[in-house]
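Tertiary structure, described
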Amino acid sequence: MSERRTSSPEVHGPASSEDATRSSGSIPLPVPSSSPSSLDLAAQASVALKGIAGSPGVAVGPALVLGDLRASFVRRHVHTAQIQGELDRVKQAVTLAKRTLREVSQRLPIAMREASPILEAYELMMADPALHDRVEQKIKEEKKGAEWAVSEASEEIVALFGPSEGESKDAYILERRHDIEFACDRVLRALVGEDTHHAVRLDEPMIVVARDLSPADTAAMVREPALGFVTAVGTRTAHTSIMARALEIPAVVGVADALASIRTGDMLIVDGLTGQVIVHPTEQAIREARQRSEQHLAFARRLLSARHQPCVTADGVPVALKANVELPAEAILAVDHGAQGIGLYRTEFLYIDRTTQPGEDEQYEVYRAIVEAVSPQPVTLRTFDIGGDKFASTFQLPAEMNPALGLRAVRLALKQPDVFLTQLRAMVRASAHGDVRIMIPMVASMHEMREVRRLLSQACEQVRARGHAFEEHIPLGMMIEVPAAAVMADVFAREAEFFSIGTNDLVQYALAIDRGSQELAPLASPFDPSILRLVKFVADVGAKFSRPVSLCGAMASDPLAAVLLVGLGLRELSMEAAAIPEIKEAIRRLTVGEAERIAELALVEDSADRVQAVLARELSVRFGDLLAGIAEDESHPRSSYPPIPSDPHAV
Ligand code: PEP
Ligand code: MG
C-alpha cells in the first residue's frame, strides 16, 4: 500500500512535489471526543497533531520520547590546563561513535542494508576537518567544554546549509542538515556516555517519538518492539520514512508539535494512512484505530498477494509497472512488490553524503547488483541529476540565483565530461549483466542529446579498450521534464530511444512553481490541464514514432492519476515500489475505453481542481477502498478522531 494523506501544506506541508501530490486538508484541533469514557476522565483531553504520512498503517501504544540531547548537557568553560584533556575526550568520543555506527550497520537485516552507505557517510562527516577545526578552536581559544564545543560547531556548520525547517523549502537540504546534526549527536552521546543501543532500547512495545530518527536510530530498533514512529521533522522522502516503510512500521513524520505535546507514557495513535497522531485518545478512538490497523494490514496483504498477477486493464491491455529506486537495496523490494523492472534509478544518491565522488568500479558494482537483482527485467539507470534541489558537495556547484534553472543534471554532466564518462563507463559495464537502459535527466535541447550520445560511444570504446564485457546496443532515452522537451518530443524522437515523463519537474517548469515551495505546493498540481496536454502529446508522439513512453513522476503512484494516465495513452508507469500493488489493482478495475473516457472529460476542464472533481466523480465510489487504504466492506467512519477534510489539491 502506498500512503496518500499528508499534512495540511500550509502548516507542515509537503517539501517537494512528491509530497505535494499526496497532500491533504487541514485537521481541526483539538479532537472532539465523541464518546467520553473512563479513560477520558483519567487522561487529558485528546489532541490531534498534524504530520506527513511517512509509512502506512495504524499503531496504538504508549510513547517513548527520545530526548533532545542538545538540551541536556552542561555548558561549561574549562581551564587552560584542561584543554588537552577536552581535545582527547572529543577524539575518544569520535572513535566510540564511529564504532557504534559500524556495529549498528552490521546489525542491519537485508531490507535495511540501504542504510549502510548513509552510515558510512556519517562516519566521514565525523572525520570532517571543518568540524574538527571548529571544535578545536572552541576548546582552545574559547575554552569551552567538549560537549559545548561539538554542539556549537555542529550548529554553525548546519547554519551554512541555510534556514531551518520552518523556513526552508528544500527537503534535500533539510535532510543534509539533519545528517550533520545526527553525526554530531552521535559524538555528543559518546561524550556524555550515552550508548546508542540503550538510548533507544525499548522494554515493551512503544511508539518512538523523536525530533528525528536517523537510519542508525531506526536500525538499532529493528529487533526492538517499536510499534510506530513519530518525528518532529522530516518528509516522505526522509530517512525515517524510507526505513519505516522498509520495516513496515507505521510512521508520521514532520509533526512539529510532537516533542512539545507528547510525554513518555502518553497513549498515542499513529495513523500513517492519514498523517495524524492522536495524543490521549479516547477508548473508542483506540478501539477504532486497532480495527483500522487490522483492516489496513488485511487490505495491504490482499493487494500484495496479487502482486504477481499481470498488470492488465479490465479488457486485457497490459500496462507495465516499474519501480523508482534511490538506494540499491530497494531493487529487492521492487521485485517483492511485483515491479516489472526498475523504471528509474536515481543514481545521484550515490554522489550524496560523501566527501569524494564514487569511482567507476564502485558505481559498476552498485549498478551490477541492481541489474542482477531484477534480471531478466530491465533497469533504467538515470545519469546523475545533481544541482537544483539535489545537492552534492563534491561537485562544488556555483552559487546560483535560480539553481533549478541553473547548472543541473545533463548540463552539469556535459560541463564535467570526465565525471560523466566515469559514470557512463560504469553503466556500460553493468550492461553485461542484464537489460540496461540509460536515461538522461533535464534534457532541453537536441544538442545535449547528441553530445550525450557522442560521450556514450566514447565510454563504450573505453570500456572495450579496457577489455570489459558490455552489451553493444544500450538503449539511450531521456526524461521529459522540461516543457521544451515535451513540445519537441517528435523531434527528440530522432535521438531518444525512449521517453520518461518526469512530472515532478515538468510541473515545476511548466507552471513556474518551485517544486520545493510549501506555500505554492497546492498550486503545483500534476492535474493541471497544461500538464495533461503535455503528457498526451508525448504519449501520442511515442505511439506515432514507436518510442516507448513511461511516466516516473510521483503522480504515477496515485490510483486516480494512474487511471487518467492510461486514458491519456501511457502503457508504462514507474513509481515507489510500495505503491505498485495498489496501482495494479486500480488499473485492473477499468477498461482502456473507460480510462479514455475519463481522460477526455479531464482534458476539456480548465483547472486542476476541476480535473480532480471529474476524477472524484467518476472514480471515488469504485476506488473507495484504495483511497482509504482499507477494504470498503470493512471501513467505517472514524468518529473518534477528526476526519480529513477533502482538499481539492490532494490526489
Ligand atoms: C521527476 O522530475 O518527475 C522525476 C521523476 O525526477 P526527480 O523527481 O528525481 O527530479
Ligand atoms: Mg526530475
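These lines cover the structure that appears in this document, whether it is placed above or below. (Residues numbered from 1 in each chain as written. Chains lettered and ligands numbered in written order. Predicted model: local features only at pLDDT ≥ 70, side-chain atom pairs only at ≥ 80, totals over all residues. Heavy atoms only, no water.)

**Focus: the side chain of Arg-429**
The following threshold applies: In this text, helices come from DSSP runs of H or I with a minimum length of four residues, and strands from runs of E with a minimum of two, each type numbered from the N-terminal end. What qualifies as a polar contact is a pair of N or O atoms within 3.5 Å, subject to a donor-acceptor requirement within protein and to the restriction that residues adjacent in sequence count only when both atoms come from side chains. Note on contacts: a residue pair is in contact if any heavy atoms of the two residues lie within 4.5 Å.
Within the fold, Arg-429 resides in helix 17 (residues 417-430). One polar contact links Arg-429 to Glu-360, side chain to side chain, over a distance of 2.8 Å. Looking at Arg-429, its side chain comes within polar contact range of the side chain of Asp-361, at 2.9 Å. Beyond its immediate sequence surroundings of up to four residues, Arg-429 is in contact with Glu-360, Asp-361, Tyr-364, Val-463, His-468 and Ala-469.

**Considerations on the pattern of salt bridges**
When the charged atoms of two side chains with opposite charge come close together, those side chains can pair. Here is the rule: We define a salt bridge as a contact between a side-chain nitrogen of Lys or Arg and a carboxyl oxygen of Asp or Glu at a distance within 4 Å.
Scanning the model with the defined rule gives 36 salt bridges in all. A salt bridge links Arg-292 to Asp-271; its shortest N-O distance comes to 2.8 Å. With Arg-292 in helix 13 (residues 283-305) and Asp-271 in strand 7 (residues 267-271), this residue pair connects regions lying 21 residues apart in the sequence. Here Asp-361 makes a salt bridge to Arg-429, at a shortest N to O gap of 2.9 Å. Residue Asp-361 is located in helix 15 (residues 360-374), and its partner Arg-429 is located in helix 17; the two are separated by 68 residues in the primary sequence. Several salt bridges share partner residues, and in doing so they unite Arg-134, Lys-138, Glu-142, Lys-144, Glu-152 and Glu-156 into one network.

**Here we look at the side chain of Glu-360**
Take Glu-360: it is sitting in helix 15. Looking at Glu-360, its side chain comes within polar contact range of the side chain of Arg-425, at 2.5 Å.

**Here we look at helix 24 (residues 580-588)**
Put simply, the rule reads: Relative accessibility under 20% of the residue-type maximum defines a buried residue, over 50% an exposed one, and the middle range a partly exposed one, all with a 1.4 Å probe and only protein chains included.
Counting buried positions over the nine residues of helix 24 gives seven, a clear majority of the element. Those residues of helix 24 lying buried are Ile-580, Pro-581, Glu-582, Ile-583, Lys-584, Ala-586 and Ile-587. Buried residues in helix 24 make contact with helix 13, strand 9 (320-325), helix 23 (559-567), strand 16 (572-576) and helix 27 (624-628).

**Considering unusual backbone geometry**
In this structure, the amide linkage connecting Ser-375 to the following residue, Pro-376, adopts the cis form with an omega of 10 degrees. Locating Pro-376 in the fold gives a position in the loop between helix 15 and strand 11 (379-382). Phi at Lys-143 is positive, roughly 55 degrees, even though this residue is not glycine. Positionally, Lys-143 belongs in the loop between helix 6 (129-140) and helix 7 (146-159). The class of Lys-143 is partly exposed, set by a relative accessible area of 29%.

**Description of the packing of aromatic side chains**
The description of an aromatic ring pair rests on the distance of the ring centres and on the angle between the ring planes. This is how it is decided: Aromatic pairs are defined between Phe, Tyr and Trp rings, using the six-membered ring for Trp, whenever the two ring centres lie within 6.5 Å; interplanar angles under 30 degrees are classed as stacked, those over 60 as edge-to-face, and all others as tilted.
Applying the stated rule across the entire model yields three aromatic pairs. Taking the centre distance of 6.1 Å and the plane angle of 75 degrees together, the rings of Tyr-345 and Tyr-367 count as edge-to-face. With Tyr-345 in strand 10 (residues 342-346) and Tyr-367 in helix 15, this pair connects stretches of sequence that are 22 residues apart. Taking relative accessible area as the criterion, Tyr-367 reaches 0% and is therefore assigned buried. Judged by centre distance (6.1 Å) and plane angle (80 degrees), the rings of Phe-384 and Phe-420 are edge-to-face. Of this pair, Phe-384 sits in the loop between strand 11 and helix 16 (410-415) while Phe-420 is found in helix 17, placing the two residues 36 residues apart along the sequence. Across the pair, exposure class does not vary: Phe-384 and Phe-420 are buried alike. By the ring-pair criterion, three or more aromatic residues cluster together here, those being Tyr-351, Phe-384 and Phe-420.

**Focus on the coordination of the magnesium ion (ligand 2)**
Cut-off, in case you're wondering: Shown as donors are all N, O and S atoms within 2.8 Å of a metal ion, widened to 3.2 Å for Na, K and Ca; because water is not in the atom set, sites may appear incomplete.
Around the magnesium ion (ligand 2), the protein contributes the donor atoms Glu-481 (OE) and Asp-505 (OD), at 2.0 to 2.1 Å from the metal centre. With a gap of 24 residues between them, Glu-481 in the loop between strand 13 (476-480) and helix 19 (483-487) and Asp-505 in helix 21 (residues 503-511) connect regions that are remote in the sequence. Here Glu-481 matches Asp-505 in class, with each residue buried.

**Focus on the environment of Pro-376**
A relative accessible area of 72% means that Pro-376 is categorised as exposed. Distance in space between the C-alpha atoms of Pro-376 and Gly-341 is 8.3 Å, their sequence separation being 35 residues.

**Considering the packing of helix 15 against helix 17**
What counts, and what does not: Note on method: axes are straight lines fitted to C-alpha atoms, helices fitted across the in-contact stretch only, with angles between N-to-C directions ranging 0 to 180 degrees. Left-handed describes a crossing in which the near helix is turned anticlockwise from the far one by less than a right angle; the clockwise case is right-handed. Three classes are used: nonpolar for Ala, Val, Leu, Ile, Met, Phe, Trp, Tyr, Cys and Pro, charged for Asp, Glu, Lys and Arg, and polar for all others, with Gly counted as polar.
Between helix 15 and helix 17, the shortest axis-to-axis distance is 8 Å and the interhelical angle comes to 35 degrees. By crossing handedness, the relation of helix 15 to helix 17 is classed as right-handed. Here helix 15 contributes Glu-360, Asp-361, Gln-363, Tyr-364, Tyr-367, Arg-368 and Val-371 to the contact with helix 17, which in turn contributes Thr-422, Gln-423, Arg-425, Ala-426, Met-427, Arg-429 and Ala-430. When the residues that make up the contact of helix 15 with helix 17 are grouped by side-chain class, the tally is six nonpolar, three polar and five charged.

**Quick word on the sheet that holds strand 1 (residues 47-50)**
Definition in use: Strand pairing is assigned whenever DSSP identifies at least 2 bridges connecting the two strands.
The mixed open sheet is built from eight strands, whose spatial order is 1-8-7-3-4-5-6-2. Two strands lie at the open edges of the sheet, namely strand 1 and strand 2 (52-55), each paired on one side alone. The average undirected angle you get between the axes of adjacent strands in this sheet is 30 degrees. The pairing of strand 3 (residues 58-65) with strand 7 spans five bridges and is antiparallel. Paired with Pro-62 across the strands is Met-267, a residue of strand 7.

**A few points about the pairing of strand 8 (residues 276-279)**
Side chains Gln-276 and Ile-278 of strand 8 all project onto a buried face; the interleaved residues Val-277 and Val-279 project onto the opposite face, where all are buried too. Note that strand 1 and strand 8 share four bridges and pair antiparallel. Bridge pairing in strand 8 places Leu-49 opposite Val-277. Across four bridges, strand 7 lies against strand 8 in antiparallel orientation. Directly across from Leu-268, in strand 8, lies its bridge partner Val-279. The loop that links strand 7 with its antiparallel partner strand 8 comprises four residues; one of these, Gly-275, has a positive phi angle of about 75 degrees.

**Description of the nonpolar core**
Just so we agree on the cut-off: Residues belong to one nonpolar core when they are buried, are Ala, Val, Leu, Ile, Met, Phe, Trp, Tyr or Cys, and are joined through side-chain atoms within 4.5 Å.
In terms of nonpolar packing, the biggest core is built from 109 residues, with Ile-342, Phe-499 and Leu-573 touching the most fellow members. Each residue touching Phe-499, except ones within four places of it in the same chain, is listed here: Met-478, Ile-480, Ala-489, Phe-492, Ala-493, Val-538, Val-541, Arg-547, Pro-548, Val-549 and Ser-550. Of all hydrophobic cores here, the second largest spans 27 residues; its members include Met-126, Leu-131, Ala-149 and Val-187.

**Considering the packing of helix 25 (residues 592-603) against helix 26 (residues 608-619)**
Where we set the bar: Any angle from 65 to 115 degrees is called roughly perpendicular, while one under 35 is roughly parallel, one over 145 is roughly antiparallel, and all others are oblique.
Following both chains from N to C, one finds helix 25 and helix 26 inclined at 150 degrees, their axes separated by 9 Å at the closest point. Between helix 25 and helix 26, the angle is such that the two are roughly antiparallel. Once helix 25 is placed against helix 26, the crossing between them reads as right-handed. On helix 26, the residues that touch Arg-597, Ile-598, Leu-601 and Ala-602 of helix 25 are Val-611, Val-614, Leu-615, Arg-617, Glu-618 and Leu-619. Class assignment for the residues of the contact of helix 25 with helix 26 results in seven nonpolar, no polar and three charged.

**A few points about the environment of Phe-527**
Tracing the sequence through the fold places Phe-527 in the loop between helix 21 and helix 22 (529-545). Counting along the chain gives 82 residues from Phe-527 to Asp-609, while the straight-line C-alpha distance between them is 7.8 Å.

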